[in-house]
Structures are given as C-alpha cells and as structure tokens.
Amino acid sequence: ADCRYTCHQECRSLIQLDCRQPGQSQLSPESTLLLPHSQNVTQTAEEEKPRPPTVQEIKQKIEKYNAKVTNCLLMKLNDDGTYTGFIKVHLKLRRPVTVPAGIRPQSIYDALKEVNLADMTDKRTSFYLPLDAIKQLHISSTTTVSEVIQGLLKKFMVVDNPQKFALFKEMRKDGQVLFQKLPLTEYPLYLRLLAGPDTDVLSFVLKENETGEVEWDAFSIPELQNFLMILDKEEKDKIQQVQRKYEKFKQRLQQTLKEARGKPG
C-alpha cells in the first residue's frame, strides 16, 4: 500500500518487504500488500473463450447449410448433438511422398477390415501426387485436423510422418487468395458449416508443413537421396531455361544487327 509493490496473488507468501516509514515498525507482507481485488495486485485472467453453440443453434446452421447444397452432400445432425458431413481437400504437395513398393490397390474388403497395406512390406518408393488431386472425406464434427491429415495419408498409403504435412484453409477475399494454417486441434467440419458449402468462400488444402528450418532428421536415407536427385534435376532444368532465354536474346540481337547493316547511315 505504501511502496506500490506489485505482484501476483499467489506470490504474496514468498515476498519479503521492508516498507517502513520514519517512526513505523516493520510491516509484514500480508499487511503491506493490498487485497486481491486491488488494482496493484496482478492476477492472471483467462481470456474469454467464445461460448460453444447450443444444439438448437447447430440445428439451425445445418438447416441453413443444407438449403444451399446442390450436390446432395448434406450434413446430418445426430441425437447426441454431433453431426457429420463432407469436406473436400485439395492436395498441393510440391515434394514427393513415400509409399510402399509393389502393393496392390486397396480393396473394399481391406477398407472394411481397416487393413493397413503399408505394413505388409518394408520396401518403399517415392512419387509425386498430382497437384490437382482432390479427396472427399466424410467426417464428424469431432474430427480434428490431425485426424484428417492421418486419414488422407492412409487413403493414399503414404507412410511419411504426418508431422511433415499441414492442413490449410484457403479463402478468397477482394480478388486475393489467402492461406491460413490450421491448428491440429481445429475441427474442419465446423469451419465448413460456418462458411457454407461454397468452396469459393472456403476450401481445404493439404500442403507441406513449412516450419522454417527443415528437420532433416525426420527423413529416411532413401528420402534424402530422392531430394538430392530432385534438386539436381531442378538445377539442371533451371540452367537450361536460362541458357535458352539468353540464346533467344542472342539470336534477336544478331538479327537486329544484320538488319541494321543493310540500312544506309
């Protein structure tokens, strides 16, 4: 109260103060520090989290969503308050993915029995997924981004570490395309519900998890060798592009000089 010392409420018992004024005896921290409701005591205040929607609100949002659907991919509300629906994920991977080598395509039997074909062989190979690949997933309102990523990798039999990938939401605003990385605990179906079924407003994209510095320890030796081959190929392609570019400039310059010599003056 006298020296205006500020501390957390839970730290009061650990603080020794000497707030004596002339003619006063030493006061204890308990009598010197102000009460918890004082403005001088800093208390950790939790940020107000948005109130989760009620079942009635979810029902209204689903009805509004389904009224805009034109492809029969409706959302369905369950008795327990959860709901299910569809999301489309664009795969925009610039690097190759690792898959089992010599594995037959997954059959309906494998899918029903949840057989993991990737566990049937230790042989691995790498290839590029098409940049325009789109996968449609039927998920629940409790399905997280982490589970969506793992589900996508399983469908394509990709054995790479899921931490190498990230799910982004793509939004279009004022003629610009904006990407935002989604946290692993986010619920994509809820975002789809809020945005509506129009994929021009919101779409999901699977990309490499760009975290700044590449964690090379997360890759296997064959993967690293593949990266070296890819970088070598890209370097050669770039060199050829530059050479062709300046070769065209050279030809144009020579043609211009040739035409200029035939003109008077």
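Small disclaimer: the values here were computed from a predicted structure and weren't measured. (Residues numbered from 1 in each chain as written. Predicted model: local features only at pLDDT ≥ 70, side-chain atom pairs only at ≥ 80, totals over all residues. Heavy atoms only, no water.)

Quick notes on the overall build of the chain
Here comes step 1: For the chain, the helix and strand inventory stands at six helices and eight strands.
Here comes step 2: Moving toward the C terminus, one meets the helices and strands of the chain in the order α-α-β-β-β-α-β-β-α-β-β-α-β-α.
Here comes step 3: Each of the 265 residues in the chain was classed as buried or not, and the buried ones make up 28%.
Here comes step 4: The contacts in the chain between residues at least 6 apart in sequence include a share of 65% that link residues at least 24 apart.
Here comes step 5: Roughly 19300 Å² of accessible area belongs to the chain as shown, and the carbon and sulfur atoms make up 52% of that amount. (Helix = DSSP H or I, 4+ residues; strand = E, 2+ residues; numbered from the N terminus. Buried < 20%, exposed > 50% of the residue type's maximum accessible area, 1.4 Å probe, protein only. Contact = heavy atoms within 4.5 Å. Areas by Shrake-Rupley, 256 points an atom, 1.4 Å probe, with all protein chains shown as cover.)

What to know about the pattern of salt bridges
Here comes step 1: All told, the structure shown has five salt bridges when counted by the stated rule.
Here comes step 2: Residues glutamate 170 and arginine 172 are paired through a salt bridge, measuring 3.2 Å at the closest nitrogen-oxygen approach.
Here comes step 3: You can call glutamate 170 buried: its relative accessible area is 7%.
Here comes step 4: Between aspartate 237 and lysine 233 there is a salt bridge whose closest N-O contact spans 3.1 Å. Of this pair, aspartate 237 and lysine 233 both sit in helix 6 (residues 221–261), four residues apart, which is roughly one turn of the helix. (Salt bridge = Lys/Arg side-chain N within 4 Å of Asp/Glu carboxyl O.)

Here we look at the nonpolar core
Soluble, globular proteins show a tendency: their nonpolar side chains are buried together.
Here comes step 1: Core analysis: the largest hydrophobic core is formed by 31 residues, its most contacted members being Ile87, Val89, Phe165, Leu167, Phe204 and Leu206.
Here comes step 2: For this core, the secondary structure elements donating two or more residues are helix 2 (55–68), strand 2 (83–91), strand 3 (97–100), strand 5 (133–140), helix 4 (145–155), strand 6 (165–173), helix 5 (188–195) and strand 8 (202–208).
Here comes step 3: If we skip the residues at most four places from it in the chain, leucine 206 touches Val89, His90, Leu91, Lys92, Leu93, Ile149, Leu152, Phe165, Ala166 and Leu167. (Core = buried A, V, L, I, M, F, W, Y, C linked by side-chain atoms within 4.5 Å.)

Description of a nonpolar patch on the surface
Here comes step 1: A cluster of nonpolar side chains, Val242, Tyr246 and Phe249, forms an exposed patch at the surface whose accessible area comes to about 300 Å².
Here comes step 2: Mapped onto the fold, phenylalanine 249 is located in helix 6. (Patch = residues over 30% accessible without salt bridge, like charges linked within 9 Å, V, L, I, M, F, W, Y side chains within 5 Å.)

Structural notes on unusual backbone geometry
Negative phi characterises most residues that are not glycine, and trans characterises most peptide bonds.
Here comes step 1: A positive phi angle is found at cysteine 72, which is not glycine, with a value near 70°.
Here comes step 2: The topology assignment puts cysteine 72 in the loop between helix 2 and strand 1 (76–77).
Here comes step 3: One non-glycine residue, methionine 157, lies in positive phi territory at about 55°.
Here comes step 4: For methionine 157, the position within the fold is in the loop between helix 4 and strand 6.

Description of the pairing of strand 6
Residues in a regular strand point their side chains to alternate faces of the sheet.
Here comes step 1: As judged from the seven bridges shared by strand 6 and strand 8, these two strands associate in the antiparallel manner. For lysine 169, the partnering residue across the bridge sits in strand 8 and is phenylalanine 204.
Here comes step 2: Both strand 6 and strand 7 (residues 176–181) contribute to a ladder of six bridges, which runs antiparallel. Following the sheet pairing, phenylalanine 168 is matched in strand 7 by lysine 181.
Here comes step 3: Where strand 6 hands over to strand 7, the hairpin turn is made up of two residues, of which aspartate 174 adopts a positive phi near 55°. (Pairing = 2+ DSSP bridges.)

Examining helix 2
Here comes step 1: Look at helix 2: 20 Å from first C-alpha to last across 14 residues, which is about the 20 Å you get at 1.5 Å a residue.
Here comes step 2: Ile58, Ile62 and Tyr65 are the residues of helix 2 that are buried. Down the axis of helix 2, the smallest arc covering the buried residues is 65°, so these residues share one side. Facing away from the buried side of helix 2 by more than 90 degrees, the exposed set consists of Lys64 and Ala67.
Here comes step 3: Close packing links the buried residues of helix 2 with strand 1, strand 2 and helix 5. (Expected span 1.5 Å × (residues − 1). Arc of directions from axis to C-beta.)

It is worth stressing that arrangement in space is one thing and function is another; only the former is reported here.
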